[in-house]
Every structure is written in C-alpha cells, then in structure tokens.
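# Working through the structure, step by step
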Amino acid sequence: VKLTPEQRMELREAFELFDADHSGTIDEKEMKMALNQLGFESRDKDVAQMVKLADTSGDGSLDFEEFCDMVAPFLTAKETMENVEAGFRLIAGRAARGAGRSGAVSDHISMDDLRQLSREMVEITGEGISEEDLALMMAEADQGAGSDQFAGDDMISLEEFADVLSKAGLM
C-alpha cells in the first residue's frame, strides 16, 4: 500500500511516540503500551502475534518501515457510505434477530442491540464489552448528527453511526 507523504509524516510522529525507549524500533512491550493508551485492550499473545507478523527482519521488533507496512492498510481502508449502511444494518435490530425474530429490521441501534453484539463477541472471542462501556458507547454516539432530530433518545440512528465513524477517521 502506497502512503502519501502526509500519511508517512503522521506515522513517523506516532512511531516516535510509541518508541518509548527511543531505540528506533517498537518492541512488544511498547506496542502493548501504545495500544492500551489508544483505548484497545490487548492480550500479550495478540500483541506478540501482531509484532511477529509485521516483523519482516525477524529481530523481534518493528522498525519504521515495518510499522508503516503494518498500519498502512488501516489508513487506506476508509469506509464508503454503502459499507457504513451495511454495517449499521448488521447491528440495528440484532437483539430482535438474536431472540429468534427472523427478518427483524430496525432503523436504529438500541442498547439491547449493543448488548446482543457483546454477547456474540463473548461467544466468539471470550471477551465482551462491559455494561458501563456499552452505556458510554451509546452516550457518545447518541448526540445527533446533521439533521438528526433524535439526539439523546438512547438509540443510534444511521446518521449518528456514520458521524461516529467519521470522527474516528474511518470514512
């Protein structure tokens, strides 16, 4: 993946922040610390696997080029509105579908939908999202966007969902 000069500059800044010991490389410990600071819960084995996959030199740490190669696909994978809508539809009405009401369609994401998603994550990964974190997610997303008249209704509209992804730099 080809990065723009601006993207390389941003990645250089991030790399230097993550390189806590200023060694010119990022090891597993520094990667785990960086991920935690960014709000990602990361298990040691997951971080080790991530570094191992990106470490083309085999020295157990990532130099700047290896770091760029690892991060670049995420920078270029901006979501289109069509993909955003598809993702929204996967979550909206999920609780009803999980309760066996097939074909349940909804025009919003409810707290029950987020809880259902968390339960499914536990089944797949063994890790879910706490009720407190789900409430924070709802509060952050349910703030209205553009012409969205439903801000503060404890439901996430498509517009609010897209706004969250946009703020996160994903579209």
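Residues numbered from 1 in each chain as written. Predicted model: local features only at pLDDT ≥ 70, side-chain atom pairs only at ≥ 80, totals over all residues. Heavy atoms only, no water.

## Quick look at the packing of aromatic side chains
Convention followed: Ring pairs are drawn from Phe, Tyr and Trp, using the six-membered ring of Trp, whenever the two centres fall within 6.5 Å, and their geometry is named by plane angle: stacked under 30 degrees, edge-to-face over 60, tilted for the rest.
On inspection of all chains with the given rule, the structure shows 4 aromatic pairs. Three or more aromatic residues joined by ring pairs form one cluster here, namely Phe15, Phe18, Phe64 and Phe67.

## Focus on the nonpolar core
Just so we agree on the cut-off: Definition used in this section: a nonpolar core is a set of buried Ala, Val, Leu, Ile, Met, Phe, Trp, Tyr and Cys residues joined via side-chain atoms within 4.5 Å. Summary of the burial criterion: residues with accessible area below 20% of their type's maximum are buried, those above 50% are exposed, and those between are partly exposed, where the area comes from a 1.4 Å probe applied to protein chains only. The numbering of helices and of strands both runs from the N terminus, where a helix is a DSSP run of H or I of at least 4 residues and a strand a run of E of at least 2. Residue contacts are counted whenever heavy atoms from the two residues lie within 4.5 Å of one another.
In this structure, Leu11, Ile26, Met31, Leu62, Phe67 and Met70 are the most contacted members of the largest nonpolar core, which totals 18 residues. Of all the elements in the fold, those that place two or more residues in this core are helix H1 (5-18), helix H2 (28-37), helix H3 (44-54) and helix H4 (64-76). When residues of this core are assigned to their parent elements, the largest contribution, 6 residues, is made by H4. Beyond its immediate sequence surroundings of up to four residues, Ile26 is in contact with Phe15, Phe18, Asp19, Met31, Ser61, Leu62 and Phe67. By size, the runner-up hydrophobic cluster in this structure holds 15 residues, among which are Phe88, Ala92, Leu114 and Leu134.

## What to know about the environment of Ser106
Along the chain, Ser106 turns up in the loop between helix H6 (94-98) and strand S1 (109-110). Along the primary structure Ser106 and Ala96 are separated by 10 residues, whereas in three dimensions their C-alpha atoms are 9.1 Å apart. The residues touching Ser106, leaving out its near neighbours within four places in the chain, are Phe88, Arg89, Ala92 and Gly93.

## So, the pattern of salt bridges
Our working rule: Salt bridges, as used here, are contacts in which a Lys or Arg side-chain nitrogen is within 4 Å of a carboxyl oxygen on Asp or Glu.
Summed over all chains, the structure comprises 8 salt bridges. Residues Arg43 and Glu127 are paired through a salt bridge, measuring 3.1 Å at the closest nitrogen-oxygen approach. Here Arg43, found in the loop between H2 and H3, pairs with Glu127, found in the loop between helix H7 (111-125) and helix H8 (131-141); they are 84 residues apart in sequence, far enough to count as distant. With a relative accessible area of 34%, Arg43 lands in the partly exposed category. What makes Glu127 partly exposed here is its relative accessible area of 33%. Salt bridges linked by common partners bring Arg43, Asp46 and Glu127 together as one network.

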